[in-house]
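# Survey of secondary and tertiary structure
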Amino acid sequence: AYLFFGLLLPLLAAAAARADHAALRRVLQRGFDAMVFAGVPLVAGAAAVGRPRMALVAGEPFALAGGVLLPLMVATAVIFIAALFGYGVVALGKQRQLIALYAANAAVTLAAYLWAIPRWGMWAAAYLTIASELITLLGAAWVVYRTAGFTPRLATSARSLIAGLVMAAALLPLAEVPVLLRLTLGGTLYLGLGVLLGVVPREAVLAWRPGRVVSHQ
């Protein structure tokens with residue numbers, strides 16, 4: 001995700017330097033759609049195959065810990081979107097407006113970790129991380145909205161959610177299928193639905209055809 005943001009930041013910075021907020025909003029919208037598309041399968045996959053995936057990575061004794069994978073993937077998806085708005089704040093040069101919020105968020109979250117984790121363990125850590133990242137996201141989104149007037153449109157994101165729900169529904173009955181094969185099937189299905197539903201531009205898919213690559217050499 002951060003490699004993607006590294007490519008996005010010069011476009012955001014150039015638009016902000018020109019005070020071209022319309023161009024900045026277009027770049028942010030594309031980034032938002034991309035981050036939702038990247039985050040949805042993490043959440044859907046954790047919901048469908050979280051426990052077998054944890055057993056694959058850490059062994060069968062840790063399979064029960066797969067349950068906490070879902071809130072952790074929700075937190076990861078929120079981080080993706082929060083990072084996008086954070087880069088927007090940087091491009092607009094408004095970082096100082098968030099210093100107090102970030103400091104307060106860090107202090108409160110640390111105190112909450114110290115109080116809640118001894119009582120509820122990894123579940124407390126996971127849900128507190130979601131809360132902390134949501135505060136970061138909302139703060140950065142507010143600054144970007146107030147400065148550049150950007151509010152994300154959700155039509156493309158809704159199609160990503162549909163693709164994620166279909167992927168999860170398709171994986172749930174395949175409990176006897178090896179987890180790596182399930183993940184491969186799920187990822188292929190999700191990407192295919194992304195193309196069919198117009199989330200992934202067909203031009204992007206066609207650009208990866210071998211003939212197209214050779215023709216530019």
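In this text, all values refer to a predicted model and were calculated from it rather than measured experimentally. For every chain, the first residue of the written sequence is number 1, and numbering continues from 1 along that sequence. Under the rules for a predicted model, residues below a pLDDT of 70 receive no local features and side-chain atom pairs below 80 are neither given nor counted, while totals for whole chains, interfaces and linings still include all residues. Remark: hydrogens and water are excluded; side-chain values derive from all non-hydrogen atoms of the structure.

### Focus on the overall build of the protein
Secondary structure elements are taken from DSSP: a helix is a run of H or I of four residues or more, a strand is a run of E of two residues or more, and numbering for both begins at the N terminus. Along its length, the protein carries eight helices and zero strands. The order of helices and strands in the protein, counted from the N terminus, is α-α-α-α-α-α-α-α. With 217 residues in all, the protein has 38% of them scored as buried. Note on contacts: a residue pair qualifies if any of its non-hydrogen atoms lie within 4.5 Å across the two residues. Within the protein, contacts between residues separated by at least 24 positions form 73% of all contacts whose residues are at least 6 apart in sequence. Computed with a 1.4 Å probe, the accessible areas rest on the Shrake-Rupley method; for each residue, only the protein chains presented here act as cover. About 12,200 Å² of surface is accessible on the protein, with carbon and sulfur atoms providing 72% of the total. Under the scheme applied here, a residue whose accessible area is under 20% of the maximum for its type counts as buried, over 50% as exposed, and between as partly exposed, the area being computed with a 1.4 Å probe on protein chains only.

### A look at the pattern of salt bridges
What counts as a salt bridge is simple: a side-chain nitrogen of Lys or Arg found within 4 Å of a carboxyl oxygen of Asp or Glu. Within the structure shown, the criterion is met by one salt bridge. Across the pair aspartate 20 and arginine 18 runs a salt bridge, and its minimum N-O distance is 3.5 Å. Residue classification places arginine 18 among the exposed residues on the basis of a relative accessible area of 52%.

### A closer look at the nonpolar core
One finds Leu12, Leu24, Leu28, Ile81, Phe85 and Val144 to be the most contacted residues of the largest nonpolar core, which totals 45 residues. For this core, the elements supplying multiple residues, two or more each, are helix H1 (2-17), helix H2 (21-58), helix H3 (69-92), helix H4 (99-148), helix H5 (155-171) and helix H6 (179-196). It is H2 that provides the largest number of residues to this core, a total of twelve residues. If sequence neighbours within four positions are ignored, leucine 24 has contacts with Leu12, Ala15, Ala16, Leu92 and Ala148. Buried residues of nine kinds, namely Ala, Val, Leu, Ile, Met, Phe, Trp, Tyr and Cys, make up a nonpolar core once their side-chain atoms join them within 4.5 Å.

### Let's talk about the environment of glutamine 95
Of note, glutamine 95 is situated in the loop between H3 and H4. Sequence separation between glutamine 95 and alanine 140 is 45 residues, and the spatial gap between their C-alpha atoms is 8.9 Å.

### Observations regarding the confidence of the model for the protein
Mean pLDDT over the protein stands at 89; residues scoring 70 or higher make up 86%. Per-residue confidence from the prediction method is given by pLDDT, with values spanning 0 to 100. Overall, residues 213-217 carries pLDDT values under 50, and its contacts beyond four positions in sequence, including any with other chains, amount to two contacts.

### Concerning H4
Here, expected helix span is obtained from the residue count minus one, scaled by 1.5 Å. Compared with the 74 Å implied by 1.5 Å per residue over 50 residues, the 19 Å span of H4 between its first and last C-alpha is markedly short. Along H4, the sharpest change in direction is near 140 degrees and occurs at tryptophan 120. Among the residues trailing H4, glycine 149 stands out with phi positive, at a value near 70 degrees. Consider a residue and the seven residues that end there alongside the seven that start there; fitting an axis to each set, the bend is the angle between those axes.

### Describing a nonpolar patch on the surface
Together, Ile162, Val166, Leu189, Leu196 and Leu197 make up an exposed nonpolar region whose accessible area comes to about 400 Å². Among the elements of the structure, H5 and H6 are those that each provide at least two residues to the nonpolar patch. Tracing the backbone shows leucine 189 in helix H6. Nonpolar side chains (Val, Leu, Ile, Met, Phe, Trp, Tyr) within 5 Å and like charges within 9 Å form the patches, drawn only from residues with over 30% relative accessible area and no salt bridge.

### Quick notes on the layout of surface pockets
Its boundaries defined by the atoms lining it, the largest pocket holds a volume of some 340 Å³. If you list the elements that add at least two residues to the lining of the largest pocket, you get H1 and H2. Here the lining of the largest pocket takes six residues from H2, the largest share from any one element. Cavities and pockets are defined on a 1 Å grid built over the protein atoms alone: a cavity is a set of grid points where a 1.4 Å probe fits but cannot escape, while a pocket is an open set with protein on both sides within 12 Å along at least five of seven lines, and lining residues are those with an atom within 4 Å of any such point. Grid points are joined across faces, edges and corners, and a volume is the space filled by probe spheres set on the points. Quantified by volume, the second largest pocket comes out at close to 190 Å³. Residue lining of the second largest pocket: 13 residues in total, with Val36, Val40, Ala77, Ile81 and Leu161 positioned closest to the centre. Where the lining of the second largest pocket is concerned, the elements lending two or more residues are H2, H3 and H5. Broken down by element, the residue count for the lining of the second largest pocket peaks at five residues, all from H2. Gly falls in the polar group here, along with every residue not listed as nonpolar (Ala, Val, Leu, Ile, Met, Phe, Trp, Tyr, Cys, Pro) or charged (Asp, Glu, Lys, Arg). A class-by-class count of the residues in the lining of the second largest pocket yields eleven nonpolar, two polar and no charged.

### Quick word on unusual backbone geometry
Look at alanine 19: it is not a glycine, yet its phi comes out positive at around 55 degrees. Structurally, alanine 19 can be placed in the loop between H1 and H2.

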